Amino acid sequence: MAKAVTARRTGDRPDAVIGTDAIYRTSTAIPSAASSSAAMATLARTQQAAASLRNLLNPPANATPLVIEHRRVPATAAAAVSEVIDVKDANLWYQGALGELHALLTAQKIMPGGPRGGIYADDLFSYERGRATIFLPCDQPVPHRGRVAAMIVPEAELAVATHVGSHDNVDLTYGALAAYVTDHALGVEGPIREFYLVGPHETADEDQWRTEIGWPIFRTGHARGPGKGSPV
């Protein structure tokens, strides 16, 4: 989730994600202290960002078209952890919250009723601090233990794209989804949602990971079922 902040913050267009000229200049400038491990790490991160930007603005010719669908998600009973966090802490927070959720449901012998999901407030992307919620759908009553509590995940109308593979380049999927929502004038205020269909909890093979990203849109009357969207 943390890597998607830049794409979501600028939101309107993928070419607004980052200053193109600035990052290209930085990616080719070798600092005088390049021999230090810190400088080399900074250079590597900058070059990775530049490559990510190039792929966002100019997708590879063999890239699979991104399929985006409109989906109406019903209100869902769930066990959840919800807190105000800083973006820099997002990944560690996610792992800890997910561990608590699974531990409680296992102890209570409650089977999840669907894939885990996340809800991320606009403030996280605008100000790098805001409310994050991780949830596991479940039909049985959930006791309040530690940070885990029962909640009703509200219904939502979403434009949904599936990110395939490692989370390192999830910003590309966010950028494409942002462009689609903007080009079709569909965007409304509301939190981003993510649905973790397959991830590190299921397999260490990153090629198998599947993450659905849901961008809030106004109700169009053309909601589709999973897998029936249009390529963009």
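In what follows, the accompanying structure is described. (Residues numbered from 1 in each chain as written. Predicted model: local features only at pLDDT ≥ 70, side-chain atom pairs only at ≥ 80, totals over all residues. Heavy atoms only, no water.)

**Re the overall build of the protein**
And then number 1: The number of helices and strands found in the protein is 6 helices and 9 strands.
And then number 2: Sequence separation of 24 or more characterises 78% of the internal contacts of the protein that already satisfy a separation of 6 or more. (Helix = DSSP H or I, 4+ residues; strand = E, 2+ residues; numbered from the N terminus. Contact = heavy atoms within 4.5 Å.)

**Topic: the environment of Arg 129**
And then number 1: Relative to the helices and strands, Arg 129 is located in strand β4 (residues 129–137).
And then number 2: Here the alpha-carbon distance between Arg 129 and Ala 90, two residues 39 residues apart in the chain, equals 9.7 Å.
And then number 3: Those residues in contact with Arg 129 that sit more than four places away from it in its chain are Val 84, Ile 85, Asp 86, Asp 123 and Leu 124.
And then number 4: For Arg 129, the side chain forms a polar contact with the side chain of Asp 86, separated by 3.0 Å. (Polar contact = N/O pair within 3.5 Å; in protein donor to acceptor, adjacent residues only side chain to side chain.)

**Here's the deal with the pairing of strand β7 (residues 192–198)**
And then number 1: In terms of burial, β7 is a largely internal element, 5 of the 7 residues being buried.
And then number 2: As defined by bridge partners, β7 adjoins strand β8 (residues 210–216) across 5 bridges and the pair is classed as antiparallel. Directly across from Arg 193, in β8, lies its bridge partner Gly 214. (Buried < 20%, exposed > 50% of the residue type's maximum accessible area, 1.4 Å probe, protein only. Pairing = 2+ DSSP bridges.)

**A look at a negative patch on the surface**
And then number 1: A contiguous patch of negative charge on the surface is contributed by Asp 168, Asp 205, Glu 206 and Asp 207.
And then number 2: Assignment of secondary structure puts Glu 206 in the loop between β7 and β8. (Patch = residues over 30% accessible without salt bridge, like charges linked within 9 Å, V, L, I, M, F, W, Y side chains within 5 Å. Areas by Shrake-Rupley, 256 points an atom, 1.4 Å probe, with all protein chains shown as cover. Salt bridge = Lys/Arg side-chain N within 4 Å of Asp/Glu carboxyl O. Lys, Arg positive; Asp, Glu negative; His and termini not counted. Charge placed at Lys NZ, Arg CZ, Asp CG, Glu CD.)

**Describing helix α6 (residues 170–183)**
And then number 1: For α6, spanning 14 residues, the distance from its first C-alpha to its last is 20 Å, which sits close to the expected 20 Å at 1.5 Å a residue.
And then number 2: Counting buried residues in α6 gives 11 out of 14 residues, a clear majority hidden from the surface.
And then number 3: Within α6, the full set of buried residues consists of Val 170, Asp 171, Leu 172, Thr 173, Tyr 174, Gly 175, Leu 177, Ala 178, Ala 179, Tyr 180 and Val 181.
And then number 4: Following α6 by one or two positions, Ala 185 has its phi on the positive side, about 50°. (Expected span 1.5 Å × (residues − 1).)

**With respect to the environment of Cys 138**
And then number 1: In this structure, Cys 138 sits in the loop between β4 and β5 (149–153).
And then number 2: Taking the C-alpha atoms as reference points, Cys 138 and Gly 114, separated by 24 residues in sequence, lie 7.4 Å from one another.
And then number 3: In this structure, Cys 138 is in contact with Ala 77, Ala 78, Ala 79, Ile 110, Met 111 and Gly 113, ignoring residues within four places of it in sequence.

**Some thoughts on the side chain of Thr 173**
And then number 1: For Thr 173, the location among the structural elements is in helix α6.
And then number 2: Setting aside residues no more than four positions away along its own chain, Thr 173 makes contact with Leu 66, Ala 161, Thr 162, His 163 and Ile 213.

**Focus on the nonpolar core**
And then number 1: Trp 93, Tyr 120 and Ile 134 are the most contacted members of the largest nonpolar core, which has 38 residues in total.
And then number 2: The element contributing the most residues to this core is helix α4 (residues 90–107), with 8 residues.
And then number 3: Leaving out residues up to four positions away in the same chain, Ile 134 has contacts with Ala 79, Ala 80, Val 81, Trp 93, Tyr 94, Leu 98, Leu 101, Gly 117, Gly 118, Tyr 120 and Tyr 196.
And then number 4: By size, the runner-up hydrophobic cluster in this structure holds 10 residues, among which are Ala 78, Ala 80, Phe 135 and Val 160. (Core = buried A, V, L, I, M, F, W, Y, C linked by side-chain atoms within 4.5 Å.)

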